[in-house]
Amino acid sequence: MAKYIINGGRPLSGEVTISGAKNAAVAIIPAALLVDGVCRIENVPAISDVNLYLKIFEQMGANIRRIDRSTIEMDCRGVRSHRPPFDIVSRFRASSYLIGAMLGRFGEAEVALPGGCDFGQRPIDQHIKGFTAMGAKVEFSGAAVHAKADGKLKGNYCRLDLVSVGATMNLMIAAVLAEGTTVIEPAAKEPHIVDLANFLNAMGADIWGAGTDTIKIRGVERLHGGTYSIIPDQIEAGTYLTAVTAAGGEALIKNVIPKHLECITGKLIEMGAEITEYDDSVHIRRTGTLRKANIKTMPYPGYPTDMQPQAGVCLALAEGTSIITEGVFDNRYKYVNELIKMGAQIQVDGKVAIFEGVPSLKGCPIKACDLRAGAAMVIAALAAEGQSVVDDVFHIERGYETFVEKLTDLGADIKRVEDMPPVRAKIS
Ligand code: UD1
């Protein structure tokens, strides 16, 4: 198991280049299963969730070529089975997109239930509601989902009970090769929803309205090969912006779409950061004291739940009382106990957390409870006085490409170490 050793208390300074969006990549890669040709996908982030997907497809007979660090070519015409390997699939959340992809391609899917970050109940009932509306019969047996259509899926109106990124993506993937037209309402509007639609349209799909509440998909006979470049990662960029806000200093965050960051930068400005937007980069500077702010997480264009723990670190250090209300997940405050170990004063009551700002945090052993909570722990360690050791960093490496190297380029004192084997006591 790897850990990060961080000596905090020094401001950050320099430049960082943002990688391709994780949440777009983990939908676009399974969607490539629908393509009758070769897909060249650029700006693919080098993270472990992507590697798991590529392993699944390779094991299933796809031909995958790595052209360079961030470009892959996928030819999935050789995949014959609707049963992806259970052991790998159950290890991450986004594997649920294999249900939509397999149903779209084969009319049948037998897929292990997804794993991923644990922030309370994460049902997939809305995905199932949509597949059922499109004519699939869906059954659960043990830890797997079995979905089967009578021939091809049939386009239909999919009215969802709530706004879900995963259900919107999964139903869009399933509907692309269905007979007739599918409508998804209310659809999620995150940048990665639009990116998936753009990818599928570049391969010959007919999708309208991505980025609005209503997405319309007219089924087509086949998708052809092509080239597509994934958008930059909104949450990775937000994480570095928040790290600079918490630790102080200044940085140029390159390869971003500033519009996607406005929901995040707006709050950082309230906390005392100075932001300058350029065409494809954002400059951030924070030198004064951190100011309190109230945050409520919501679907895009609201403040992203995936930035909630990172923002929590700034608020733990901000003057006065701040309130976070988690509006998306039931239980996303596991990181709070780790911050309290560092000297933060935070009280959680259900979906609300109240932060009484303290002047400083103290470095200590802490752990990454999940992907974004892990990023938040690194930010806390960078801002804290003294040394911290962050454990369970495999969570972080699911979603952040070369995190340690990028932070080192910003002047952070951070090292990745593998656990030493336990020392056995001598029995005399
Ligand atoms: C995706 C992101 C995750 C992000 C989240 C919200 C990926 C791989 N993951 O997760 O990083 O935090 O969006 O932006 O893109 N829900 C149901 N039934 C369903 C589906 C969802 O009740 O069938 C609920 C969830 O429990 C949650 C809310 O809807 O409370 C939103 O979840 P959803 O948008 O689906 O999140 P994910 O797709 O799991």
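Everything here concerns the structure above.
Let me begin by describing the structure that accompanies this report. Per chain, residues are indexed from 1 in the order of the written sequence. Where local features are concerned, this predicted model is filtered to residues with pLDDT of at least 70; where side-chain atom pairs are given and counted, the filter is 80 or more; whole-chain, interface and lining totals use all residues. Only hydrogens and water are removed before side-chain values are computed, so all heavy atoms of the structure are retained for them.

Attention shifts here to the packing of helix 8 (residues 234-247) against helix 10 (residues 308-316). Between the N-to-C directions of two axes lies an angle of 0 to 180 degrees, each axis being a line fitted to C-alpha atoms and, for a helix, fitted only over the stretch in contact. Secondary structure is summarised from DSSP: a helix means a run of H or I of at least four residues, a strand means a run of E of at least two, and numbering begins at the N terminus for each. Helix 10 packs onto helix 8 with a crossing angle of 10° between their chain directions and a minimal axis gap of 9 Å. Accordingly, the angle class assigned to the pair helix 8 and helix 10 is roughly parallel. Facing Ile235, Thr239, Thr242, Thr245 and Ala246 of helix 8, the residues of helix 10 in contact are Gln310, Ala311, Val313 and Cys314. Classifying every residue of the contact of helix 8 with helix 10 by side-chain character gives five nonpolar, four polar and no charged. Convention used here: angles under 35 degrees read as roughly parallel, angles over 145 as roughly antiparallel, angles from 65 to 115 as roughly perpendicular, and any remaining angle as oblique. In this description, contact between two residues means that some pair of their heavy atoms is separated by no more than 4.5 Å. Note on residue classes: Ala, Val, Leu, Ile, Met, Phe, Trp, Tyr, Cys and Pro are nonpolar, Asp, Glu, Lys and Arg are charged, and everything else, Gly too, is polar.

Here the focus is the sheet that holds strand 3 (residues 38-42). Here the rule is simple: two strands pair whenever DSSP picks up at least two bridges between them. Reading across from one edge, 4-5-3-13 is the order of the four strands in this open sheet, with mixed pairing throughout. Strands with a single pairing partner mark the edges of an open sheet, and in this sheet they are strand 4 (63-68) and strand 13 (226-229). Across the sheet, the axes of successive neighbouring strands diverge by a mean angle of 20°, strand direction being ignored. Seen against the sheet, helix 2 (residues 48-59) touches strand 4 and strand 5 (71-75) and runs at an angle of roughly 140° to strand 4.

Next up on the list: the pattern of salt bridges. Salt-bridge detection follows one rule: a side-chain nitrogen of Lys or Arg within 4 Å of a carboxyl oxygen of Asp or Glu. Taken as a whole and assessed by the stated rule, the structure comprises 27 salt bridges. Between Glu274 and Arg285 there is a salt bridge, and its shortest N-O distance comes to 3.4 Å. Of the two residues, Glu274 sits in strand 15 (residues 274-277) while Arg285 sits in strand 16 (residues 281-286), which places them eleven residues apart along the sequence. You can call Glu274 partly exposed: its relative accessible area is 41%. With a 1.4 Å probe rolled over the protein chains alone, any residue whose accessible area is under 20% of its type maximum counts as buried; one over 50% counts as exposed, and the rest are partly exposed.

This part covers the side chain of Lys267. The topology assignment puts Lys267 in helix 9 (residues 258-270). Taking relative accessible area as the criterion, Lys267 reaches 18% and is therefore assigned buried. What qualifies as a polar contact is a pair of N or O atoms within 3.5 Å, subject to a donor-acceptor requirement within protein and to the restriction that residues adjacent in sequence count only when both atoms come from side chains. Engagement of the side chain of Lys267 in a polar contact is seen with the side chain of Glu270, the distance being 3.0 Å. If near-sequence neighbours (up to four positions away) are discounted, Lys267 is found in contact with Asn294, Ile295 and Tyr303.

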